Amino acid sequence: MKQKIVIIWWTWDFWSWLASFLNLHFSKDLEIYISWRDLRKVKNIAEKLWVKYFENNIEAVKNSDIIVYSAPINKTAEVIKETWPFIKPWSVVLDITSIKKVPSDVMKKFVPESCLIIPTHPMWWPSLKSISGQIMVLTPWETEKQDERYVFFKNKLSDLWVKIIETPAEEHDKMVAVVQGLTHYSMFVIWKTIKKYWVDVLKTLDFVSPIYKLMISSVSRYIGQSPELYADIQMNNDEILKIHDLFN
């Protein structure tokens, strides 16, 4: 009998990639659902992704064996608090936000103790066609590490050649403050400075050096993606706020 898995999402692209990924690799074992705040849109999206849907988040957690919270960082705690009284005992509960301490603490406080909680952070962008060689950070508590369902989850990732990093949530947030926080922040500072200088960026490429070419390529990548996501990462990790002070 297939287990039901639901992706509870609000915005951005990762939920869509995840639904398609699960459908491609695990449709024999899982009955895949999505749930969103806008019922009018979720029906059409589910049809395009070849998955099913729940009409609201409460129905989603009531009827699912595996729950994946894929909401923006600043909404994740809200969605968990909204749904936790309805989570079935012994469910597997994950989040895939870019910070780990806040969602981990909220899940630990509200999700039933009988559930397996796996705070995760996939370190890749959803445009990738393969996750082979990519990094997945897991921040479980020691009790979760002993759960046979957690071991099964890790083995499944290993089968797909994913590199798994296990670390405490606090350590994760400290590391990504540099890996993501400092990188994003510096890229936007560079872009803002160029704009204020009123220089023609295309003209600068006539004078390009290898290092500048790499830098401007990176800057272009960041400013072309979701500003809401970058703002969310910058504002919701206390370790990144420390990075800001050091940078300035």
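Above this text is the structure in question.
As the structure is a computational prediction, the values presented were derived from the model and not from experiment. (Residues numbered from 1 in each chain as written. Predicted model: local features only at pLDDT ≥ 70, side-chain atom pairs only at ≥ 80, totals over all residues. Heavy atoms only, no water.)

Trainee: Before we go on, may I ask you to explain the overall build of the protein in this structure?
Mentor: Counting its regular elements, the protein contains twelve helices and eight strands. Relative to the 2.2 N^0.38 estimate, which gives 18 Å for 248 residues, the radius of gyration of the protein is 20 Å and therefore close to what a compact globule would have. Once the C-alpha set of the protein is aligned to its principal axes, its extents read approximately 65 × 40 × 35 Å. Of all 248 residues assigned to the protein, the portion counted as buried reaches 44%. For the protein, long-range pairs separated by at least 24 residues make up 70% of all intrachain contacts whose partners lie at least 6 apart in sequence. By element, 58% of the accessible surface of the protein is carried by carbon and sulfur atoms, the whole surface being about 14200 Å². Within the protein, the 29 negative side-chain charges are centred at a point lying 5 Å from the centre of the 31 positive side-chain charges. (Helix = DSSP H or I, 4+ residues; strand = E, 2+ residues; numbered from the N terminus. Rg over C-alpha atoms; globule rule 2.2 N^0.38 Å. Buried < 20%, exposed > 50% of the residue type's maximum accessible area, 1.4 Å probe, protein only. Contact = heavy atoms within 4.5 Å. Areas by Shrake-Rupley, 256 points an atom, 1.4 Å probe, with all protein chains shown as cover. Lys, Arg positive; Asp, Glu negative; His and termini not counted. Charge placed at Lys NZ, Arg CZ, Asp CG, Glu CD.)

Trainee: Before we go on, may I ask you to explain the pairing of strand 4 (residues 66–70) in this structure?
Mentor: Residues in a regular strand project their side chains so that they alternate between the two faces of the sheet. Judged by how many residues are buried, strand 4 sits mostly within the fold: five of five residues are covered. The side-chain alternation of strand 4 yields two buried faces, one formed by Ile66, Val68 and Ser70 and the other by Ile67 and Tyr69. By the bridge criterion, five bridges tie strand 1 (residues 3–9) to strand 4 in an arrangement that is parallel. Residue Ile7 lies in a different strand from strand 4, and its bridge partner there is Val68. As defined by bridge partners, strand 4 adjoins strand 5 (residues 92–95) across four bridges and the pair is classed as parallel. Paired with Tyr69 across the strands is Asp95, a residue of strand 5. For the handedness criterion, the β-α-β arrangement of strand 4, helix 4 (residues 73–83) and strand 5 is classed as right-handed. (Pairing = 2+ DSSP bridges. Right-handed = clockwise from strand over helix to strand, strands pointing away.)

Trainee: Explain the packing of aromatic side chains here, please?
Mentor: By convention here, two paired aromatic rings are described through the distance between centres and the angle between planes. Overall, the coordinates contain nine aromatic pairs when judged by the stated rule. Taking the centre distance of 5.5 Å and the plane angle of 65° together, the rings of Tyr222 and Tyr230 count as edge-to-face. Accessibility classification places Tyr222 together with Tyr230 in one group, the buried group. Here the aromatic residues Trp17, Phe21, Phe26 and Trp124 are joined through ring pairs into a cluster of three or more. (Phe/Tyr/Trp six-rings, centres within 6.5 Å; stacked < 30°, edge-to-face > 60°.)

Trainee: So what exactly am I meant to see when it comes to the sheet that holds strand 6 (residues 116–122) here?
Mentor: The strands making up a sheet are joined through hydrogen bonds of the backbone, oriented either antiparallel or parallel. Here we have eight strands laid out as an open sheet, ordered 3-2-1-4-5-6-7-8, and mixed in their pairing. Strand pairing shows two members of the sheet lacking a second neighbour, strand 3 (52–53) and strand 8 (163–166), which therefore form its edges. In terms of strand pairing, strand 6 meets strand 7 (residues 135–138) through three bridges, oriented antiparallel. Among the inter-strand pairings, Thr120 is bridged to a residue of strand 7, identified as Leu138.

Trainee: Even after reading the chapter, I still don't get the environment of Ser132, so can you show me in this structure?
Mentor: If you trace the backbone, Ser132 turns up in the loop between strand 6 and strand 7. Distance in space between the C-alpha atoms of Ser132 and Leu157 is 9.3 Å, their sequence separation being 25 residues. If we ignore the near neighbours within four places in the chain, the residues touching Ser132 are Leu160 and Trp161.

Trainee: I keep staring at the layout of surface pockets and nothing clicks. Help me out?
Mentor: Over the atoms rolls a probe the size of a water molecule, and in doing so it shows where empty space is left. If you add up the space inside the largest pocket, you get close to 740 Å³. Broken down by secondary-structure element, the contributors of at least two residues to the lining of the largest pocket are strand 1, helix 1 (14–26), strand 4, strand 5, strand 6 and helix 7 (148–159). Element by element, the count of residues in the lining of the largest pocket is highest for helix 1, at six residues. Of the residues that constitute the lining of the largest pocket, the class distribution is 25 nonpolar, three polar and five charged. (1 Å grid on protein atoms, 1.4 Å probe; cavity = no way out; pocket = protein on both sides within 12 Å on 5 of 7 lines; lining within 4 Å. Points joined across faces, edges and corners; volume = space filled by probe spheres on them. Nonpolar A, V, L, I, M, F, W, Y, C, P; charged D, E, K, R; others polar.)

Trainee: Help me understand helix 11 (residues 227–236), please; the structure alone is not making it clear to me.
Mentor: Because the α-helix completes a turn every 3.6 residues, residues three or four places apart line up on one side. Every buried residue of helix 11 is listed here: Leu229, Tyr230, Asp232, Ile233 and Gln234. Buried residues belonging to helix 11 abut helix 4, helix 8 (169–197), helix 10 (210–223) and helix 12 (238–247).

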